[in-house]
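# Chain and residue survey
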Amino acid sequence: MSDFFQKVSQQYNQKLAFVMYSKPNSSTSFGLLQEDSNSYFLENYERKGFILNSFTSEKKILFPLDKCLQISTENNFEGIETTSELKETYSEEVKLKFENLVKNAIEEIEVGNYKKIVTSRSETVSIPDFDFIKSFKVLVQLYPTAFKYCAFHPEIGMWMGATPEQLLKVNKNTIQTVALAGTKTKDKIDEDWGEKEVVEQQLVTDFIVESLEPFIAEKSVSEPYTYQAGNLLHIKTDISAQLKNKMQLGEVINILHPTPAVCGFPKEKAKDFILENEGYNREFYAGFLGELNYEAVNQECENSDLFVNLRCMKIENKIANIYVGCGITKDSQPELEFFETVNKSKTIKKVLK
Ligand SMILES: C=C(O[C@@H]1C=C(C(=O)O)C=C[C@H]1O)C(=O)O
C-alpha cells in the first residue's frame, strides 16, 4: 500500500478525523489528517480548512488546516477493477413509499404552495467486506469529472461520494457556481430534453442569478448544456461573477445553500416540507463540503472550492446508507421519479461491488 493510504489507514485505526479527496479532472488526491481528537466546528467563514456542512446547516464540521497533516498522492491506482453491471433491486414497499412522497409534493405544488420540491430517500446495502480505501480508489477511477471524497470524523462517522455539482468556487474576487438539474440516462443522449427538465433547471438558474445580484458585478451566465455525470446526464448552466466584497463569502454561501437543485423553491418552505415529510434525516446528504480559504500557491489570495454532497453514502456497521433524490415539479410522474433515484443510486453502488 502506498504511503498516502497507509497514513490514512493508520489514522482511521486510531479513530482520528481525516478527509481524502480528488477534485474534478485532477490527477491528484489530497488528504487532511487531523492531529488531535478534538471536534472543530466552523464559527465564521474566515477559518481555513475543509468543511463538511449538513443539509440543515446545524452541523458544520471543520478540519482546520493548522491542526492537520496535509498529504497527497498521484491517482495512478493500478489493478483496481472498475467495470461491473448492476442488477436493479428494490422492494415494492420502498417504491410505494417514495411514490407517495412524490404525490404529496405534486399536490402541494398544484395548489400553488411551491414551484419545486426535491424529495429524497435513503437506501441501505449490506457491505460485509467493505474496504474504504479500495472503494475510494474505484470512485476516483470511475468518475474523473466528479469531486470524489471519503471523510471520517468521530462526530459523524464515515461518508463517501462522487458529486457532479459545484456549490461555489472562489478565486480572488471571482466566484463560479452552476445550476445543475434535470436527469436522464446516458443512452438518451440523442433525445431532446423534456419541457419538465428544462423548466426545472431554469428555475435553479433564475434563483441563483437573482439571489446573488446584490453581491456581484460583471456576471456571466452560459447557455444551458448537457453534462454527463457517470451513467447520467443533467442540464447545466455555468455562472460566474465578481464578488463586490470578499468579506461576504459567508452570506453568499448561505444564500446559495441549499439551492433549488437539492431543496426546492421557495427555499425555506421547501426545506420545511422536506423536514416534515421525507421521514428520515438527510444529515450531510445535500449539504456541502470542500476547501475553505486555502492559500493558493504563488498567489496572494485565498481560494475556496465547495461542492454539493450528492451521490454519496454514510458507512455504518457494515451497512452503506445511500442517499438519492430528485426534483419534483407539477409535471412529475411519481414512478419515473422513483426510477430516477434508482439510477442515481447506481453511481455509488458501483463502488460497493
Ligand atoms: C438530488 C440529487 O440530484 C439533484 C437533482 C437533479 C434532478 O432532480 O434532476 C439533478 C441533479 C442534482 O441537482 C441527487 O443526486 O440526489
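This write-up is about the structure you can find in this document. Every value quoted in this text rests on a predicted model; they were computed, and no experiment measured them. (Residues numbered from 1 in each chain as written. Predicted model: local features only at pLDDT ≥ 70, side-chain atom pairs only at ≥ 80, totals over all residues. Heavy atoms only, no water.)

## Regarding the sheet that holds strand β8 (residues 157–163)
With respect to topology, nine strands assemble into an open sheet ordered β5-β2-β1-β7-β8-β17-β18-β6-β14, the strand pairing being antiparallel. At either end of the open sheet lies a strand with only one pairing partner, and these are β5 (68–74) and β14 (264–265). Looking at chain direction, strand β1 (residues 18–22) and strand β7 (residues 147–153) are connected through five bridges and run antiparallel. Bridge assignment links S22 to a residue of β7, and that residue is K148. Against the sheet, helix α4 (residues 195–212) engages β6 (116–126), β14 and β18 (319–328), with an angle of about 105° to β6. (Pairing = 2+ DSSP bridges. Helix = DSSP H or I, 4+ residues; strand = E, 2+ residues; numbered from the N terminus. Contact = heavy atoms within 4.5 Å. Axes fitted to C-alpha atoms, helices over the stretch in contact; angles between N-to-C directions.)

## Description of the site of the ligand
Within the structure, the ligand sits among 18 residues, and E165, T183, Y285, R311 and G327 are positioned closest to it. Within the backbone of G182, an N or O atom sits 3.1 Å from an oxygen atom of the ligand. When the free accessible area of the ligand is taken as 390 Å², the share hidden by the protein chains comes to 100%. Of all the elements in the fold, those that place two or more residues in the shell around the ligand are β10 (174–185), β18 and α7 (334–349). The residue inventory of the shell around the ligand, partitioned by class, reads eight nonpolar, five polar and five charged. (Near = heavy atom within 4 Å. Polar contact = N/O pair within 3.5 Å; in protein donor to acceptor, adjacent residues only side chain to side chain. Areas by Shrake-Rupley, 256 points an atom, 1.4 Å probe, with all protein chains shown as cover. Nonpolar A, V, L, I, M, F, W, Y, C, P; charged D, E, K, R; others polar.)

## Here we look at the nonpolar core
Soluble globular proteins tend to pack their nonpolar side chains together in the buried interior. If you look at the biggest cluster of nonpolar residues, it comprises 72 residues, and the most contacted ones within it are F50, F63 and L168. With six residues, helix α2 (residues 92–110) is the single largest residue contributor to this core. Once residues within four sequence positions are removed from consideration, F63 is found in contact with A17, F18, V19, L32, Q34, K48, G49, F50, L52, C68, F152 and H153. In terms of nonpolar packing, the next biggest core, distinct from the first, is built from 31 residues, F4, V138, L139 and Y143 among them. (Core = buried A, V, L, I, M, F, W, Y, C linked by side-chain atoms within 4.5 Å. Buried < 20%, exposed > 50% of the residue type's maximum accessible area, 1.4 Å probe, protein only.)

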